[in-house]
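# Remarks on the overall topology
Okay, here's what each chain looks like letter by letter:
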Amino acid sequence: MNQKKSTMVVFSGDLDKAIASYIIATGSASMGNEVTMFFTFWGLTILRKENAVPVQKNRMDKLFAKMLPRGPRKLGISKMNVGGLGAKMMKYTMKKKNIVTLQELIELAQELDIKMVACTMSMDVLGIKKEELIDGIEYAGVASYLAEANEANHNLFV
Amino acid sequence: MKVHHEIDATGLSCPLPVVRAKKAMDALEKGQVLEIHATDAGVEKDLPAWAKTLGHEIVDQQKDKGVYIFRIRKGE
């Protein structure tokens, strides 16, 4: 069987959209597809390490670093977030209903060899350094994404 | 029918049943049969779709007290 490919742009840093992205990505990998996820702009916050990493930053970048959520546990939801209360309720009810968490989905994606790529231009804009993102990811730009999307038969923008 | 491997995906939500099925199937030889138990209602359509995409064959499909039981023969 010839290998098919899925590519995905994860632009959003919303918890619900991140969960949907990872469910599709891990599902696609389970269907035998090679999967690449490109993280850009707010999507980069999904890949941030939970703890602050000491790196050199200018004033604006420091401000961004403070304001942007650090990793999957800190993300808000796209509707009814109400200052994080909505995200808490969503996580509570998902746990009760035994739905897989975003952290588990990210680990699953790594186990399934899903390629996660961080957009270096967005990293620059938001002042995010490689050391602040989780290990095992790649760094690239729009041409790399398009080259992969050209070969893919499934391509999404989230 | 001989079942070569059995996995319990009961209580697991989407996408875990297909993720588990994929992992289990990778370890089997062509022609061997995998049995999967799952409770997520989506699997009724998802496991056949998954099997079709990967060239596996659903040889038996049952539902017993809210548990879906599939027997799937590994294809190519």
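Model, not experiment: these values are computed from the prediction. (Residues numbered from 1 in each chain as written. Chains lettered and ligands numbered in written order. Predicted model: local features only at pLDDT ≥ 70, side-chain atom pairs only at ≥ 80, totals over all residues. Heavy atoms only, no water.)

Scanning chain A from N- to C-terminus turns up six helices and five strands. Ordered by position from the N terminus, the helices and strands of chain A form the series β-α-β-α-α-α-β-α-β-α-β. For a compact globule of 158 residues, the expected C-alpha radius of gyration is about 15 Å, and chain A comes in at 16 Å, within 12% of that figure. If you line up chain A on its principal axes, its C-alpha atoms span 50 × 40 × 25 Å. Taken across its 158 residues, chain A has 44% of its residues classed as buried. For chain A, the proportion of contacts with a sequence separation of at least 24, taken over those separated by at least 6, is 75%. Total accessible area on chain A is roughly 8800 Å²; 57% of this is exposed by carbon and sulfur atoms. (Helix = DSSP H or I, 4+ residues; strand = E, 2+ residues; numbered from the N terminus. Rg over C-alpha atoms; globule rule 2.2 N^0.38 Å. Buried < 20%, exposed > 50% of the residue type's maximum accessible area, 1.4 Å probe, protein only. Contact = heavy atoms within 4.5 Å. Areas by Shrake-Rupley, 256 points an atom, 1.4 Å probe, with all protein chains shown as cover.)

With that settled, consider the interface of chain B and chain A. Contacts between the two partners involve 15 residues from chain B, matched on the other side by 15 residues from chain A. Counting the surface lost from both chain B and chain A, the interface buries some 1200 Å², and carbon and sulfur atoms represent 69% of this. Counting the contacts that link chain B with chain A gives one salt bridge. For Glu111 of chain A, the salt bridge goes to Lys23 of chain B, with nearest N and O atoms at 2.5 Å. At the boundary of chain B with chain A, the tally comes to five residue pairs in polar contact (both at pLDDT 80 or more). Put simply, the parts of the chain that give the side of chain B that touches chain A at least two residues each are α1 (16-26) and α2 (43-54) of chain B. Considering each element in turn, the side of chain B that touches chain A owes the most residues, five residues, to α1 of chain B. Split by residue class, the side of chain B that touches chain A holds nine nonpolar, four polar and two charged. (Buried area = accessible area lost by both parts, 1.4 Å probe. Salt bridge = Lys/Arg side-chain N within 4 Å of Asp/Glu carboxyl O. Polar contact = N/O pair within 3.5 Å; in protein donor to acceptor, adjacent residues only side chain to side chain. Nonpolar A, V, L, I, M, F, W, Y, C, P; charged D, E, K, R; others polar.)

Detailed reading of predicted coordinates is not advised where the pLDDT is low. On average, residues of chain B score 96 in pLDDT, and 100% of them reach the 70 mark or higher. Mean pLDDT across the elements of chain B ranges from a minimum in α2 of chain B, with 95, to a maximum in strand β2 (residues 33-38) of chain B, with 98. (pLDDT = per-residue confidence, 0-100.)

All names here are of chain B. Here β2 lies mainly inside the structure; six of its six residues are buried. Neither face of β2 is left uncovered, since the one carrying Val33, Glu35 and His37 and the one carrying Leu34, Ile36 and Ala38 both have all their residues buried. Sheet topology note: the strand β1 (residues 5-9)/β2 ladder contains five bridges and is parallel. Pairing of Ile7 across the sheet is with Ile36, part of β2. Following the backbone out of β1, through α1 and into the adjacent parallel β2, one traces a crossover that is right-handed. Pairing between β2 and strand β4 (residues 67-73): six bridges, direction antiparallel. By the bridge assignment, Leu34 is partnered in β4 with Ile72. (Pairing = 2+ DSSP bridges. Right-handed = clockwise from strand over helix to strand, strands pointing away.)

Residues and elements named next belong to chain A. Read across the open sheet, the five strands follow the order β4-β3-β2-β1-β5; overall the sheet is parallel. A strand with exactly one partner marks an edge of an open sheet, and here the two such strands are β4 (138-140) and β5 (154-157). Direction aside, neighbouring strands of the sheet carry axes that sit 20° apart on average. Bridge count between strand β2 (residues 34-39) and strand β3 (residues 115-119): four bridges; the pairing is parallel. Pairing of Phe38 across the sheet is with Val117, part of β3. Contacting β1 (5-10), β2, β3 and β5, helix α1 (residues 15-30) runs over the sheet at an angle of about 160° to β2. (Axes fitted to C-alpha atoms, helices over the stretch in contact; angles between N-to-C directions.)

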